[in-house]
Each structure stands twice: as structure tokens, then as C-alpha cells.
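Spelled out, the chains give:
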Amino acid sequence: MEQAVLYLRCSTAEQSSSTGNGHSHETQLHHLELFCAGKYEIVGIYREVASGATPLDLRPMLGLALAEAQRSGATLLVQKVDRLSRDTELVCRMLNQGVRFQVAECPDAGHFEIQLRSIFAEEERRKIRKRTKHGITAAKARGVKFGSPHLDR
């Protein structure tokens, strides 16, 4: 049986514990455990709360997951490409450096399909940023105050 290191990423602490969004750590873990059943022995599970745009050097759990996969000869396994990263360059760099990883959502995907999915994930990141900026602007126009009220002292 092959070995797998699971990597679970959420963008926010709230998202990591919310079971209704489909991206919580527990939801990802559940899907990955089902995917692994009978095919992979899980040798490590790494959870991280970080934006998908965060560079690799600022994502310690991803670094540890990669090191564990390399040390043990395991495959790095993620639920979806966007859980690995929303940065096409990072995904392509990992593919080009020979990092063995698999995406449970598309288990038969080759490098080409993974690269395409990373492009879509990066585009979604741009759209999320735009929606967030628009939401903040609209909230400020309604008089919503942002920041800690304790800093106004």
C-alpha cells in the first residue's frame, strides 16, 4: 500500500471550524480519508490556516508536509488544487521540481490538468479579493466601523 501525507488548508480560522462551507479541516480530512481507504496508508496529517496566495516560505505546515512526503517517499495528497494553493506559479514550480502530489477531486489528472485547475483557482482568488473589497466599501458606506474599538482610547 502506498503512503500519503495529507495537507489540509483553510483561509481563515472561522473557515477551518465551520462544517457548512465544504472547506473546513474536518470536511477535507473526511473526504481524504475516504479517498485513501484501501489505497493509501496515511503517514502524516498537516493542517494550516493561510491564504492560498501565501508564499511557501510563510506556510510552515506545507513545508513540513512536503518534507515528510519526501522523507517517507509518500505522496502529498490534497482534496482540491485550491487547497494546496491559489498561486499557479507555486503549483507549477512544485510539479516541475518533481513533488509527488495527488488531488483527490481529480485523481487521474496529469500535470496539464492540474496546471489548468491552478489557473482557475488563482482567478477565483482574484474574484474573492474583488468581492471582499466591494463588500468592505459598501459596509463603510453604511457606517460600519472596522478595527478594534479598544484602539480608539
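Computed from a predicted model, the values in this text were never measured in an experiment. (Residues numbered from 1 in each chain as written. Predicted model: local features only at pLDDT ≥ 70, side-chain atom pairs only at ≥ 80, totals over all residues. Heavy atoms only, no water.)

### Things to note about the overall build of the protein chain
Of the regular secondary structure elements, the protein chain holds 6 helices and 4 strands. Going from N to C terminus, the protein chain has its helices and strands arranged as β-α-α-β-α-β-α-α-β-α. Each principal axis of the C-alpha distribution contributes one length, and for the protein chain these read about 60 × 30 × 30 Å. Per-residue burial over the protein chain gives 41% buried out of 153 residues. Summarising the internal contacts of the protein chain: among those between residues at least 6 apart in sequence, 67% fall at separations of at least 24. Of the roughly 9100 Å² that the protein chain leaves accessible, carbon and sulfur atoms contribute 54%. Placing the 22 positive and 18 negative side-chain charges of the protein chain at their respective mean positions leaves the two points 8 Å apart. (Helix = DSSP H or I, 4+ residues; strand = E, 2+ residues; numbered from the N terminus. Buried < 20%, exposed > 50% of the residue type's maximum accessible area, 1.4 Å probe, protein only. Contact = heavy atoms within 4.5 Å. Areas by Shrake-Rupley, 256 points an atom, 1.4 Å probe, with all protein chains shown as cover. Lys, Arg positive; Asp, Glu negative; His and termini not counted. Charge placed at Lys NZ, Arg CZ, Asp CG, Glu CD.)

### Overview of the state of the cysteines
Taken as a whole and assessed by the stated rule, the structure comprises 0 disulfides. Considering cysteine sulfurs only, cysteine 106 is the nearest to cysteine 92, which forms no disulfide, with 14 Å between them. Taking relative accessible area as the criterion, cysteine 92 reaches 17% and is therefore assigned buried. (Disulfide = S-S within 2.5 Å.)

### Here we look at the packing of aromatic side chains
Under the definition given, this model contains 1 aromatic pair. Seen from their ring centres, phenylalanine 35 and tyrosine 40 are 6.2 Å apart, and the 25° between their planes marks the pair as stacked. Across this residue pair, the class does not change: phenylalanine 35 and tyrosine 40 are buried. One cation-aromatic arrangement involves lysine 39 over phenylalanine 35; the distance from NZ or CZ to the ring centre is 4.0 Å. (Phe/Tyr/Trp six-rings, centres within 6.5 Å; stacked < 30°, edge-to-face > 60°. Lys NZ or Arg CZ within 6 Å of the ring centre and 35° of its normal.)

### Digging into the nonpolar core
The biggest cluster of nonpolar side chains holds 21 residues, and the ones touching the most others in it are Val5, Tyr7, Leu76, Leu84, Met94, Phe101 and Ile114. Among the elements of the structure, β1 (2-10), α3 (60-72), β3 (75-78), α4 (81-84), α5 (88-96) and β4 (101-103) are those that each provide at least two residues to this core. The residues contacting leucine 84, other than those within four sequence positions of it, are Tyr7, Arg9, Arg59, Leu62, Leu76, Val78, Val91, Met94 and Phe101. Membership of the second largest hydrophobic core comes to 10 residues, among which are Ala4, Leu6, Leu8 and Tyr40. (Core = buried A, V, L, I, M, F, W, Y, C linked by side-chain atoms within 4.5 Å.)

### Topic: the side chain of histidine 25
For histidine 25, the position within the fold is in helix α2 (residues 25-36). Looking at histidine 25, its side chain comes within polar contact range of the main-chain oxygen of glutamate 48, at 3.1 Å. With residues near it in sequence (within four places) discarded, histidine 25 still touches Leu8, Arg9, Cys10, Ser16, Arg47, Glu48 and Val49. (Polar contact = N/O pair within 3.5 Å; in protein donor to acceptor, adjacent residues only side chain to side chain.)

### Remarks on helix α6 (residues 111-141)
Under the 1.5 Å per step criterion, the end-to-end length of α6 is 45 Å for 31 residues, consistent within 8% with the ideal 45 Å. Looking only at α6, the buried set comprises Ile114, Ser118, Ala121, Glu122, Arg125 and Ala139. Backbone geometry just downstream of α6 places glycine 143 in the positive-phi region, at approximately 95°. (Expected span 1.5 Å × (residues − 1).)

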